[in-house]
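Structure at a glance
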Amino acid sequence: QDSYLARLVDYQTVVTQNLNYAVTPNGLAPSLSNLPDFTRLSNRLRGVNLDSTTRDWSLYFTDTLDLTDKLKISAAGSFNYSTISQSGASKQYLNEDGGYSWTSGTGTSFYNPTYLGAYKSNGLTTALAAPPGAVEGPESNSLDGSHRYQRFNPALGFNYQLDARTGLFGGYSEAMRAPTSVELSCANPQSPCALPTGFNGDPELQAVVSKTVELGARGRWGAKSTWNAAVFDSRLSNDIQFIAAPNSTSFGYFANVGKTERRGFELGAQTSVDKWFLAAQLGHVQALYRSAFTTSTGEAVLSGNTIPGIPRSSFKLRATYAVDPEWLLGAQLIALSSQYAHGNESNADPAGKVAGYSLLNLDAHYCVSPELQISASVSNVFNKQYSTYGLSHITSIYTVATQQFLTPAAPRAVWVGLSYRFGGKDKKS
């Protein structure tokens, strides 16, 4: 991965030469007879070279026992072994405005020796020298690392049929998730990286272990209606979260933050009435930190604080109407509650939230023949302006005021598609 200095030209991003610094042919001060050359210095900002290999092995078993006509017990277990090996380095060549010196997250000053003797475009009077106390760059971080994770994960569940229409289910399960290459290569608080591919360091991260308890019921009423309900509590140890770097809209690092918990419930129902089909799903989750820690910004996060980036409530409603056997019309309503913005892990900033939103999507499907289908869809019908991600305590480059950074979500979009089935057993489905 390489990054270069660029500018906006007629709303297009164009990689350009570094026009802030120049050199003269003889190294002497610029003049009318000794014109500076702005094309000889690179505009490369940073570069990354990473090679990663992941191997996952699993040995598992599962069995279901029919204890009675109504009660079934299932037991399972798996031994998981994962290895991740990677090599490479990331280097910084210039700062974001094309300058020749910069300061790292640890406070160390660097300079690019290629720029010694060059002249700045604003004035062109003094040749650049090594900044006092700075270290010759480019700054480099090793991405070399070798990691191994292993664990046995048990699971136990049951299914009890109360009657012909209603059943209960529940269970307990454990699972392990090894850190990914992206997480391992962006785990240094002193050298934050840009997601999702800005690798900057390779400290060790612990595997995430989850322990989940679930209890629920499902059933049906009538000939064409079903329902389901469940409660759950999932507790994670060594959970990995992306922590925002100080005063940055895109930089941060991954870190084990100790214990976290996600608890909540899910409700769902669906039915068919004449030509109508209706389905609704409601979800509620509390995502909480269960260990105290301090971010790189000095923010104190306490046990019980809400994890950013996870809406607490969600609701989905789906409806379709069969105009005739060949023509189907559909609509979907999606509503999500607000969420805490990243950078507000302590929940101390009342304004550090991303507002909730609701969307309406429409679709239509027409079967020209058993093989050919035409479909059309409109997403975000009312062209709602909303955000799905936010960062708190960001300094605006325009007003220098501290504010919240929000990512704009997709506007209204219209899609038309064709699908053709060439045959097979499900040709008439």
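Heads up: these notes are all about the structure in this document.

**Examining the packing of aromatic side chains**
- Taken as a whole and judged by the stated rule, the model has 9 aromatic pairs.
- Pairing Tyr 21 with Tyr 115 gives two aromatic rings, centres 5.5 Å apart and planes at 85°, and the pair type is edge-to-face. Here Tyr 21 is found in strand E4 (residues 21-22), whereas its partner Tyr 115 is found in the loop between strand E8 (109-111) and strand E9 (119-120), with 94 residues between them in sequence. Take Tyr 21 and Tyr 115: they sit in the same class, and that class is buried.
- Three or more aromatic residues joined by ring pairs form one cluster here, namely Tyr 21, Tyr 100 and Tyr 115.
- Lying across the ring of Tyr 340, Lys 353 places its NZ or CZ 4.9 Å from the centre.

**Observations concerning the nonpolar core**
- In this structure, Tyr 149, Leu 184, Leu 205, Ile 240 and Phe 254 are the most contacted members of the largest nonpolar core, which totals 15 residues.
- Judged by nonpolar contacts, the second largest core, of 13 residues, contains Leu 94, Tyr 100, Tyr 115 and Ala 118.

**Topic: the pattern of salt bridges**
- For the structure on display, the rule yields 9 salt bridges.
- Arg 177 serves as the salt-bridge partner of Glu 183, at 3.2 Å between the closest nitrogen and oxygen.
- Here Arg 235 makes a salt bridge to Asp 233, at a shortest N to O gap of 3.4 Å.
- In this structure, a network of salt bridges that share partners links the residues Asp 233, Arg 235, Glu 261, Arg 263 and Arg 290.

**What to know about unusual backbone geometry**
- The phi dihedral of Asp 274 is positive, around 55°, even though this residue is not glycine.
- One can find Asp 274 in the loop between strand E19 (260-273) and strand E20 (276-289).

**Some remarks on the sheet that holds E8**
- Read from one edge to the other, the open sheet built from 3 strands follows the order E7-E8-E10, with strand pairing classed as mixed. Only two strands of the sheet have a single partner each, and these edge strands are strand E7 (101-103) and strand E10 (135-136).
- Across 3 bridges, E7 lies against E8 in antiparallel orientation. Of the residues in E8, the one forming a bridge with Thr 103 is Ser 109.

**What to know about the side chain of Ser 181**
- With respect to the helices, strands and loops of the structure, Ser 181 is situated in helix H1 (residues 181-184).
- Only 3.2 Å separates the side chain of Ser 181 from the side chain of Ser 52, close enough to count as a polar contact.
- Among the polar contacts made by the side chain of Ser 181, one reaches the side chain of Gln 86 at a distance of 2.8 Å.

**Some details on the side chain of Thr 24**
- Tracing the chain through its elements places Thr 24 in the loop between E4 and strand E5 (44-66).
- On the basis of relative accessibility, which here comes to 5%, the residue Thr 24 falls in the buried class.
- Within polar-contact distance, the side chain of Thr 24 engages the backbone nitrogen of Gly 27 at 3.2 Å.
- When residues no more than four places from it in sequence are discounted, the contact partners of Thr 24 are Ala 29, Pro 30, Asn 34, Leu 35, Pro 36, Arg 40 and Tyr 119.

**Examining the environment of Leu 5**
- Counting through the fold element by element, Leu 5 comes out in the loop between strand E1 (2-4) and strand E2 (6-9).
- Of the residues examined, Leu 5 reaches a relative accessible area of 7% and is grouped as buried.
- Each C-alpha atom, one on Leu 5 and one on Tyr 340, is 33 Å from the other, the two residues being 335 residues apart in sequence.

**Considering a nonpolar patch on the surface**
- A cluster of nonpolar side chains, namely Trp 327, Leu 329, Tyr 366, Val 368, Ile 374, Val 414, Val 416 and Leu 418, defines an oily patch on the protein surface of about 780 Å² accessible area.
- Here the element with the most residues in the nonpolar patch is strand E31 (residues 413-420); it accounts for 3 residues.
- Residue placement: Leu 418 occurs in strand E31.

Calculation notes
- Residues numbered from 1 in each chain as written.
- Predicted model: local features only at pLDDT ≥ 70, side-chain atom pairs only at ≥ 80, totals over all residues.
- Heavy atoms only, no water.
- Phe/Tyr/Trp six-rings, centres within 6.5 Å; stacked < 30°, edge-to-face > 60°.
- Helix = DSSP H or I, 4+ residues; strand = E, 2+ residues; numbered from the N terminus.
- Buried < 20%, exposed > 50% of the residue type's maximum accessible area, 1.4 Å probe, protein only.
- Lys NZ or Arg CZ within 6 Å of the ring centre and 35° of its normal.
- Core = buried A, V, L, I, M, F, W, Y, C linked by side-chain atoms within 4.5 Å.
- Salt bridge = Lys/Arg side-chain N within 4 Å of Asp/Glu carboxyl O.
- Pairing = 2+ DSSP bridges.
- Polar contact = N/O pair within 3.5 Å; in protein donor to acceptor, adjacent residues only side chain to side chain.
- Contact = heavy atoms within 4.5 Å.
- Patch = residues over 30% accessible without salt bridge, like charges linked within 9 Å, V, L, I, M, F, W, Y side chains within 5 Å.
- Areas by Shrake-Rupley, 256 points an atom, 1.4 Å probe, with all protein chains shown as cover.

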